[in-house]
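Read off the chains here:
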Amino acid sequence: MKKKLPFLFLTLSLFFSQLTSAQYVSERSIDVVAGYGLSVPYDDVNVTGTGFYMQGEYVHPITTWFELRPYAGVIFAKTRFRDDEPPGPRFRSDSNGALLGGKARLVAPIPWVAPYVEGGIGVSIGSFETFSSGTDLQASGLIYHIPFALGLALGPENNFDVAFTYYFHPTVRQFAGAAAFGVSIPLD
């Protein structure tokens, strides 16, 4: 039995290496995404900062269903106040900064409509403020964030994107994000 073990290991290794190389996708691209930005505190209060979101991602496909995506972007979301608001504290959730990091995307490789989920880790550089009934936090400079997104890659080549993308900032107890639309620009 011990003599058959190396042969079995070698056979399985060759089989899985062929299977893995058959799934490799070489179409690298740049994804450009823009949308309606927002910033919301973790607390259960009716406060939302709104503004603009834009991001660029370098898409490095590993298989047809798994991609690595380093990204750089910006979020500008500020709480707007009405003139007729009652006196008292003005709760706010503001995010103004650059977003840098890396994500992984799991996608169902279906032409025309491919659902996906993304997650990763990154840093935000800028100013962030959360003031609500249970939170009064401000941060300027460099803080970490956790990106998360749900979306659909659309079109015959899945080169259009519709997503809800969020960046959780535990340091200031808020998340910033967007309802975003994007396009993929092939590099190969």
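Every value quoted in this text rests on a predicted model; they were computed, and no experiment measured them.

Q: I would appreciate a short explanation of the overall build of the protein in the present structure.
A: Helix and strand content of the protein: one helix and eight strands. Going from N to C terminus, the protein has its helices and strands arranged as α-β-β-β-β-β-β-β-β. The 188 residues of the protein split such that 36% are buried. Nonlocal contacts in the protein, meaning residues at least 24 apart in sequence, comprise 61% of its contacts between residues at least 6 apart.

Q: Honestly, the side chain of T79 in this entry has me stumped. Any pointers?
A: Position of T79 among the secondary structure elements: in strand β3 (residues 66-79). A residue is classified by how much of its surface remains accessible, and T79, at 8% relative accessible area, is buried. When sequence neighbours within four positions are dropped, the list of residues in contact with T79 reads V47, T48, G49, F91, R92, S93 and D94.

Q: What should I look at first to understand the sheet that holds strand β2 (residues 49-61) in this one?
A: Two pairing modes exist for strands in a sheet, parallel and antiparallel, and in both the strands are linked by backbone hydrogen bonds. If you trace the eight strands once around the closed barrel, you get β1-β2-β3-β4-β5-β6-β7-β8, paired in antiparallel fashion. Strand-to-strand twist across the sheet, computed as the mean angle between neighbouring axes with direction ignored, equals 20°. As paired elements, strand β1 (residues 29-41) and β2 share 11 bridges and run antiparallel to each other. The partner of I30 across the bridge, within β2, is Y58.

Q: Sorry if this is basic, but what is going on with unusual backbone geometry here?
A: Glycine aside, residues mostly have negative phi angles, and peptide bonds mostly take the trans form. The phi dihedral of W112 falls on the positive side, at around 75°, and the residue is not glycine. Although it is not a glycine, N158 sits at a positive phi angle of roughly 55°. What makes N158 partly exposed here is its relative accessible area of 25%.

Q: Looking at this structure, how should I read the packing of aromatic side chains?
A: Geometry of an aromatic ring pair is reported as the spacing of the ring centres plus the angle between the planes. Counted by the stated rule, this structure contains six aromatic pairs. Measuring from ring centre to ring centre gives 5.5 Å for Y166 and F175, while their planes differ by 85°; the resulting arrangement is edge-to-face. Note on Y166: relative accessible area 25%, which makes it partly exposed. Among the aromatic residues, ring-to-ring pairing joins Y53, Y71 and Y167 into one connected group. Across the ring face of Y71, the terminal group of K103 is positioned such that the distance to the ring centre comes to 5.1 Å.

Q: For this particular structure, what's the right way to read the nonpolar core?
A: Note on soluble globular proteins: their nonpolar side chains tend to be buried together. With 10 residues, the main nonpolar core is built from V33, Y53, Y71, I75, A77, L99, Y167, A176, A178 and A180. Sorting the residues of this core by element identifies β3 and β8 (174-186) as the ones contributing at least two each. V33 has contacts with Y53, M54, Q55, A180, F181 and G182, leaving out every residue within four places of it along the chain. With five residues, the next largest nonpolar core counts A114, Y116, A153 and A163 among its residues.

Parameters and conventions
- Throughout this document, residue positions are counted from 1 along each chain, in the order its sequence is written.
- Local features in a predicted model are, by the rule used here, given only for residues with pLDDT of at least 70; side-chain atom pairs are given and counted only at 80 or more, and totals for whole chains, interfaces and linings are based on all residues.
- With hydrogens and water excluded, all non-hydrogen atoms of the structure serve as input to the side-chain values.
- Each helix is a run of DSSP H or I of at least 4 residues and each strand a run of E of at least 2, with the numbering of both proceeding from the N terminus.
- Categorising residues by exposure relies on relative accessible area from a 1.4 Å probe, with only protein chains included: less than 20% of the type maximum marks a residue as buried, more than 50% marks it as exposed, and the intermediate range marks it as partly exposed.
- Only heavy atoms matter for contacts: two residues are in contact if any of them lie within 4.5 Å across the pair.
- Strand pairing is assigned whenever DSSP identifies at least 2 bridges connecting the two strands.
- With axes taken as lines fitted to C-alpha atoms, and helix axes fitted only over the stretch in contact, angles between N-to-C directions fall between 0 and 180 degrees.
- Two rings from Phe, Tyr or Trp (for Trp, the six-membered ring) form a pair when their centres are within 6.5 Å of each other. A pair whose planes differ by under 30 degrees is stacked, one over 60 is edge-to-face, and the rest are tilted.
- In this scheme, Lys NZ or Arg CZ marks a charge over a ring once it lies within 6 Å of the ring centre and within 35 degrees of the ring normal.
- In this text, buried Ala, Val, Leu, Ile, Met, Phe, Trp, Tyr and Cys residues form a nonpolar core when linked through side-chain atoms within 4.5 Å.

Geometry only, nothing functional implied.
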